[in-house]
Amino acid sequence: MILAHGGAGSRAMTSPQAACLRAALQVGYHLLDRGTSALIAVEQTIRVLERSGLFNAGKGAYRQLDKIRRMDASVMEGDGLRAGAVASMEGIVHPITAARHVMEATEHVLLVGPMATKFARHFKIERYRQPVSSSRLSYDAMLRKFQRSNETGDRHGTVGAVAVDQAGSVAAGASTGGIDRMLPGRVGDTPIIGCGVYADNETGAVSMTGWGESIIRLAVAKEICERLRSGKTPASAVREVFRRLVARVQGSAGALVLTPKGRFVIAHVTANMAAGWWNGKGEPTVKDKFGY
Ligand code: ASP
(Lines give C-alpha, C1' and ligand atoms only; values in the text may rest on other atoms or scores of the structure.)
Protein backbone atom coordinates (compact mmCIF):
# COMPACT_ATOMS: atom_id res chain seq x y z
CA MET A 1 0.00 0.00 0.00
CA ILE A 2 1.24 3.47 -0.87
CA LEU A 3 -0.13 6.98 -0.24
CA ALA A 4 1.15 10.23 -1.75
CA HIS A 5 0.30 13.91 -1.54
CA GLY A 6 0.91 17.12 -3.44
CA GLY A 7 0.13 19.60 -0.66
CA ALA A 8 -2.80 21.01 1.31
CA GLY A 9 -4.27 24.52 0.97
CA SER A 10 -7.11 26.52 -0.54
CA ARG A 11 -6.47 25.71 -4.18
CA ALA A 12 -8.06 22.83 -6.04
CA MET A 13 -5.77 20.27 -7.68
CA THR A 14 -5.16 20.75 -11.43
CA SER A 15 -5.62 17.82 -13.80
CA PRO A 16 -1.88 17.61 -14.66
CA GLN A 17 -1.19 17.39 -10.91
CA ALA A 18 -3.79 14.62 -10.54
CA ALA A 19 -2.27 12.69 -13.45
CA CYS A 20 1.21 13.10 -11.97
CA LEU A 21 0.08 11.88 -8.54
CA ARG A 22 -1.50 8.82 -10.18
CA ALA A 23 1.70 8.09 -12.10
CA ALA A 24 3.78 8.51 -8.94
CA LEU A 25 1.54 6.10 -6.99
CA GLN A 26 1.88 3.55 -9.79
CA VAL A 27 5.68 3.80 -9.72
CA GLY A 28 5.70 3.33 -5.94
CA TYR A 29 3.21 0.49 -5.85
CA HIS A 30 4.92 -1.50 -8.64
CA LEU A 31 8.16 -1.34 -6.66
CA LEU A 32 6.40 -2.64 -3.53
CA ASP A 33 4.77 -5.36 -5.58
CA ARG A 34 8.22 -6.54 -6.71
CA GLY A 35 9.36 -6.78 -3.10
CA THR A 36 11.22 -3.46 -2.93
CA SER A 37 11.43 -1.75 0.47
CA ALA A 38 8.91 0.88 1.55
CA LEU A 39 11.82 3.33 1.83
CA ILE A 40 12.77 3.04 -1.86
CA ALA A 41 9.11 3.07 -2.94
CA VAL A 42 8.60 6.34 -1.02
CA GLU A 43 11.76 7.87 -2.49
CA GLN A 44 10.89 6.91 -6.07
CA THR A 45 7.30 8.12 -5.73
CA ILE A 46 8.52 11.50 -4.48
CA ARG A 47 11.10 11.70 -7.29
CA VAL A 48 8.30 11.58 -9.87
CA LEU A 49 6.64 14.56 -8.16
CA GLU A 50 9.91 16.52 -7.71
CA ARG A 51 10.86 16.04 -11.36
CA SER A 52 7.46 17.14 -12.72
CA GLY A 53 7.81 20.83 -11.85
CA LEU A 54 4.06 20.76 -11.07
CA PHE A 55 4.47 20.91 -7.30
CA ASN A 56 6.31 23.05 -4.77
CA ALA A 57 9.29 20.69 -4.63
CA GLY A 58 12.36 19.91 -6.72
CA LYS A 59 12.08 21.71 -10.08
CA GLY A 60 8.88 23.50 -9.05
CA ALA A 61 10.07 24.80 -5.66
CA TYR A 62 8.99 28.28 -4.51
CA ARG A 63 11.51 31.11 -4.19
CA GLN A 64 12.43 32.76 -0.93
CA LEU A 65 12.27 36.58 -0.69
CA ASP A 66 15.76 36.92 -2.22
CA LYS A 67 14.40 34.98 -5.26
CA ILE A 68 16.47 31.88 -4.51
CA ARG A 69 14.87 28.43 -4.27
CA ARG A 70 15.96 26.57 -1.14
CA MET A 71 14.56 23.12 -0.60
CA ASP A 72 14.05 20.77 2.33
CA ALA A 73 13.39 17.01 2.38
CA SER A 74 13.46 14.02 4.70
CA VAL A 75 12.95 10.26 4.80
CA MET A 76 12.53 7.81 7.64
CA GLU A 77 12.14 4.04 7.86
CA GLY A 78 10.23 2.26 10.59
CA ASP A 79 12.35 -0.85 11.15
CA GLY A 80 15.56 0.65 12.59
CA LEU A 81 14.18 4.21 13.00
CA ARG A 82 16.84 5.44 10.60
CA ALA A 83 16.29 8.91 9.16
CA GLY A 84 17.96 11.39 6.83
CA ALA A 85 17.18 14.99 5.92
CA VAL A 86 18.45 18.05 4.06
CA ALA A 87 17.50 21.70 4.44
CA SER A 88 18.11 24.91 2.48
CA MET A 89 19.49 22.98 -0.48
CA GLU A 90 19.89 24.80 -3.80
CA GLY A 91 19.71 23.71 -7.44
CA ILE A 92 19.11 19.99 -6.85
CA VAL A 93 16.23 18.23 -8.63
CA HIS A 94 15.85 15.43 -6.06
CA PRO A 95 16.41 16.56 -2.46
CA ILE A 96 14.61 13.37 -1.36
CA THR A 97 17.48 11.28 -2.75
CA ALA A 98 20.00 13.48 -0.94
CA ALA A 99 18.03 12.83 2.27
CA ARG A 100 18.23 9.07 1.70
CA HIS A 101 21.99 9.32 1.16
CA VAL A 102 22.36 11.27 4.43
CA MET A 103 20.57 8.38 6.11
CA GLU A 104 22.51 5.60 4.40
CA ALA A 105 25.99 7.01 3.86
CA THR A 106 26.51 8.98 7.08
CA GLU A 107 25.76 8.75 10.78
CA HIS A 108 24.01 12.12 10.64
CA VAL A 109 20.34 12.89 10.35
CA LEU A 110 20.32 16.44 8.93
CA LEU A 111 22.64 18.41 6.62
CA VAL A 112 21.90 22.04 5.81
CA GLY A 113 22.72 24.86 3.39
CA PRO A 114 25.63 24.94 0.93
CA MET A 115 27.16 21.85 2.54
CA ALA A 116 23.95 19.89 1.95
CA THR A 117 24.08 21.01 -1.69
CA LYS A 118 27.74 19.98 -1.90
CA PHE A 119 26.84 16.58 -0.43
CA ALA A 120 24.12 16.09 -3.08
CA ARG A 121 26.57 17.04 -5.84
CA HIS A 122 29.06 14.52 -4.49
CA PHE A 123 26.44 11.81 -4.99
CA LYS A 124 25.83 13.14 -8.52
CA ILE A 125 22.19 13.95 -7.91
CA GLU A 126 20.81 15.81 -10.92
CA ARG A 127 21.13 19.61 -10.76
CA TYR A 128 19.23 22.51 -12.26
CA ARG A 129 20.28 26.06 -12.89
CA GLN A 130 18.68 28.82 -10.83
CA PRO A 131 17.91 31.84 -13.01
CA VAL A 132 19.65 34.89 -11.52
CA SER A 133 17.17 37.64 -10.71
CA SER A 134 18.01 41.22 -11.65
CA SER A 135 15.73 42.69 -8.96
CA ARG A 136 17.57 41.81 -5.77
CA LEU A 137 16.44 43.79 -2.71
CA SER A 138 18.81 44.85 0.06
CA TYR A 139 18.41 42.79 3.22
CA ASP A 140 16.89 45.78 4.96
CA ALA A 141 14.33 46.33 2.22
CA MET A 142 13.52 42.64 2.16
CA LEU A 143 12.99 42.48 5.91
CA ARG A 144 10.75 45.54 5.80
CA LYS A 145 8.74 44.00 2.97
CA PHE A 146 8.37 40.78 4.97
CA GLN A 147 7.27 42.58 8.12
CA ARG A 148 4.80 44.84 6.31
CA SER A 149 3.12 42.14 4.29
CA ASN A 150 0.06 40.53 5.80
CA GLU A 151 -0.44 37.95 3.10
CA THR A 152 -1.74 34.74 4.62
CA GLY A 153 0.19 32.61 2.15
CA ASP A 154 -1.88 29.68 1.15
CA ARG A 155 -0.33 28.32 -1.99
CA HIS A 156 0.62 24.71 -1.60
CA GLY A 157 2.27 21.85 -3.38
CA THR A 158 4.76 20.25 -1.03
CA VAL A 159 5.00 16.54 -1.82
CA GLY A 160 5.20 13.46 0.34
CA ALA A 161 4.53 9.72 0.56
CA VAL A 162 4.15 6.87 3.03
CA ALA A 163 4.26 3.14 2.25
CA VAL A 164 4.22 -0.30 3.81
CA ASP A 165 6.18 -3.11 2.13
CA GLN A 166 5.70 -6.88 1.96
CA ALA A 167 7.80 -7.35 5.09
CA GLY A 168 5.42 -5.05 7.02
CA SER A 169 7.93 -2.21 7.30
CA VAL A 170 6.75 1.37 6.91
CA ALA A 171 8.53 4.46 5.58
CA ALA A 172 7.71 8.14 5.20
CA GLY A 173 9.15 10.99 3.16
CA ALA A 174 8.49 14.60 2.17
CA SER A 175 10.07 17.25 -0.05
CA THR A 176 9.30 20.97 -0.30
CA GLY A 177 10.25 24.42 -1.47
CA GLY A 178 8.66 25.92 1.66
CA ILE A 179 5.76 28.36 1.92
CA ASP A 180 4.53 31.47 0.09
CA ARG A 181 6.41 34.16 1.92
CA MET A 182 9.73 33.30 3.54
CA LEU A 183 12.87 35.06 4.63
CA PRO A 184 16.02 33.58 3.07
CA GLY A 185 17.13 30.65 5.20
CA ARG A 186 13.68 29.83 6.55
CA VAL A 187 13.24 26.09 7.16
CA GLY A 188 9.85 24.49 7.82
CA ASP A 189 8.68 21.18 9.28
CA THR A 190 9.55 19.01 6.28
CA PRO A 191 13.19 18.15 7.17
CA ILE A 192 12.53 17.97 10.92
CA ILE A 193 12.03 14.37 12.01
CA GLY A 194 8.98 14.06 14.26
CA CYS A 195 7.43 17.19 12.76
CA GLY A 196 7.12 16.76 8.97
CA VAL A 197 7.66 12.99 8.90
CA TYR A 198 7.90 10.03 11.23
CA ALA A 199 7.99 6.25 10.70
CA ASP A 200 8.02 3.47 13.26
CA ASN A 201 6.97 -0.14 12.67
CA GLU A 202 5.48 -0.15 16.17
CA THR A 203 3.05 2.64 15.24
CA GLY A 204 2.97 3.79 11.61
CA ALA A 205 4.22 6.28 9.04
CA VAL A 206 3.19 9.92 8.76
CA SER A 207 3.95 12.56 6.09
CA MET A 208 2.76 16.11 6.75
CA THR A 209 2.05 19.18 4.66
CA GLY A 210 0.80 22.64 5.53
CA TRP A 211 1.99 25.62 7.53
CA GLY A 212 5.33 24.35 8.80
CA GLU A 213 5.69 26.75 11.73
CA SER A 214 2.47 25.39 13.25
CA ILE A 215 3.41 21.75 12.56
CA ILE A 216 6.81 22.17 14.25
CA ARG A 217 5.32 23.68 17.40
CA LEU A 218 3.22 20.57 18.01
CA ALA A 219 5.72 18.02 16.61
CA VAL A 220 2.71 16.73 14.70
CA ALA A 221 4.05 13.58 12.99
CA LYS A 222 5.36 12.12 16.26
CA GLU A 223 2.21 13.16 18.11
CA ILE A 224 0.09 11.22 15.62
CA CYS A 225 2.38 8.16 15.97
CA GLU A 226 2.14 8.25 19.75
CA ARG A 227 -1.63 8.19 19.52
CA LEU A 228 -1.42 5.15 17.22
CA ARG A 229 0.78 3.54 19.88
CA SER A 230 -1.92 4.05 22.46
CA GLY A 231 -4.38 2.13 20.28
CA LYS A 232 -6.13 4.95 18.40
CA THR A 233 -7.14 4.41 14.77
CA PRO A 234 -5.35 6.60 12.17
CA ALA A 235 -8.51 8.72 11.80
CA SER A 236 -9.00 9.35 15.50
CA ALA A 237 -5.27 9.94 16.06
CA VAL A 238 -5.24 12.64 13.38
CA ARG A 239 -8.54 14.12 14.53
CA GLU A 240 -7.18 14.63 18.06
CA VAL A 241 -3.89 16.14 16.92
CA PHE A 242 -5.51 18.42 14.32
CA ARG A 243 -7.99 19.65 16.92
CA ARG A 244 -5.05 20.72 19.11
CA LEU A 245 -3.17 22.15 16.11
CA VAL A 246 -6.06 24.47 15.29
CA ALA A 247 -6.98 25.33 18.88
CA ARG A 248 -3.49 25.93 20.28
CA VAL A 249 -1.55 27.49 17.39
CA GLN A 250 -4.23 28.26 14.75
CA GLY A 251 -2.39 25.75 12.58
CA SER A 252 -3.19 24.46 9.14
CA ALA A 253 -2.13 21.08 7.76
CA GLY A 254 -2.80 17.85 5.93
CA ALA A 255 -1.49 14.37 6.76
CA LEU A 256 -0.96 10.93 5.29
CA VAL A 257 -1.03 8.22 7.98
CA LEU A 258 -0.46 4.49 7.37
CA THR A 259 -0.01 1.62 9.83
CA PRO A 260 2.09 -1.52 9.22
CA LYS A 261 -1.22 -3.44 8.91
CA GLY A 262 -2.31 -1.17 6.04
CA ARG A 263 -4.90 0.95 7.89
CA PHE A 264 -4.67 4.50 6.69
CA VAL A 265 -6.18 7.95 6.57
CA ILE A 266 -5.69 11.05 4.45
CA ALA A 267 -6.83 14.08 6.42
CA HIS A 268 -6.67 17.87 6.21
CA VAL A 269 -8.00 20.93 7.96
CA THR A 270 -7.48 23.02 4.81
CA ALA A 271 -10.12 23.35 2.08
CA ASN A 272 -8.21 20.98 -0.20
CA MET A 273 -5.46 18.40 -0.14
CA ALA A 274 -4.13 16.93 -3.38
CA ALA A 275 -3.49 13.29 -2.49
CA GLY A 276 -4.20 9.67 -3.23
CA TRP A 277 -3.52 6.03 -2.48
CA TRP A 278 -3.17 2.72 -4.25
CA ASN A 279 -3.10 -0.90 -3.17
CA GLY A 280 -2.71 -2.30 -6.68
CA LYS A 281 -6.44 -2.93 -7.23
CA GLY A 282 -8.23 -1.01 -9.98
CA GLU A 283 -6.90 2.49 -10.53
CA PRO A 284 -5.17 4.70 -7.95
CA THR A 285 -7.61 6.95 -6.06
CA VAL A 286 -6.58 10.61 -6.39
CA LYS A 287 -8.71 13.57 -5.24
CA ASP A 288 -8.44 16.84 -3.37
CA LYS A 289 -11.03 16.52 -0.63
CA PHE A 290 -10.95 13.80 2.02
CA GLY A 291 -13.38 13.32 4.87
CA TYR A 292 -12.11 11.50 7.94
N1 ASP B 1 5.14 22.24 5.29
C2 ASP B 1 5.87 22.98 4.28
C3 ASP B 1 6.69 24.06 4.95
O4 ASP B 1 6.21 24.68 5.87
C5 ASP B 1 4.98 23.63 3.25
C6 ASP B 1 3.85 22.79 2.72
O7 ASP B 1 3.62 21.67 3.16
O8 ASP B 1 3.16 23.24 1.77
O9 ASP B 1 7.79 24.29 4.52
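Presented here is a report on the structure given in the accompanying data block. What you are looking at is a predicted structure, and each value in this text was computed from that prediction instead of being measured.

This brings us to the pattern of salt bridges. Going through the model one piece at a time under the given rule, you end up with 15 salt bridges. A salt bridge links Asp140 to Arg144; the nearest nitrogen and oxygen atoms lie 3.8 Å apart. Linking Asp140 with Arg144, this pair stays in helix 5 (residues 139-148), spanning four residues, or about one helical turn. The exposure class of Arg144 is partly exposed, given its relative accessible area of 45%.

Attention now goes to helix 3 (residues 95-105). In terms of residue burial, helix 3 counts as a mostly covered element, since nine of its 11 residues are buried. Regarding helix 3, the residues found buried are Pro95, Ile96, Thr97, Ala98, Ala99, Arg100, His101, Val102 and Met103. Next to the buried residues of helix 3 lie helix 2 (38-52), strand 2 (71-77), strand 3 (83-89), strand 4 (110-112), helix 4 (113-122) and strand 6 (170-176).

Our focus in this paragraph is unusual backbone geometry. Unlike most non-glycine residues, Lys124 shows phi in positive territory, near 60 degrees. Of note in this structure, Gln250 is not a glycine but carries a positive phi near 50 degrees. Following the sequence through the fold, Gln250 ends up in the loop between helix 8 (234-249) and strand 9 (253-258).

The next subject is the side chain of Asn56. Along the chain, Asn56 turns up in the loop between helix 2 and strand 2. Within the local environment of Asn56, its side chain forms a polar contact with the backbone oxygen of Gly178, the two atoms lying 2.7 Å apart. In contact with Asn56, other than residues within four places in its own chain, are Ala61, Tyr62, His156, Gly157, Thr158, Ser175, Thr176, Gly177 and Gly178.

Cut-off values and rules
Residues numbered from 1 in each chain as written. Predicted model: local features only at pLDDT ≥ 70, side-chain atom pairs only at ≥ 80, totals over all residues. Heavy atoms only, no water. Salt bridge = Lys/Arg side-chain N within 4 Å of Asp/Glu carboxyl O. Helix = DSSP H or I, 4+ residues; strand = E, 2+ residues; numbered from the N terminus. Buried < 20%, exposed > 50% of the residue type's maximum accessible area, 1.4 Å probe, protein only. Contact = heavy atoms within 4.5 Å. Polar contact = N/O pair within 3.5 Å; in protein donor to acceptor, adjacent residues only side chain to side chain.

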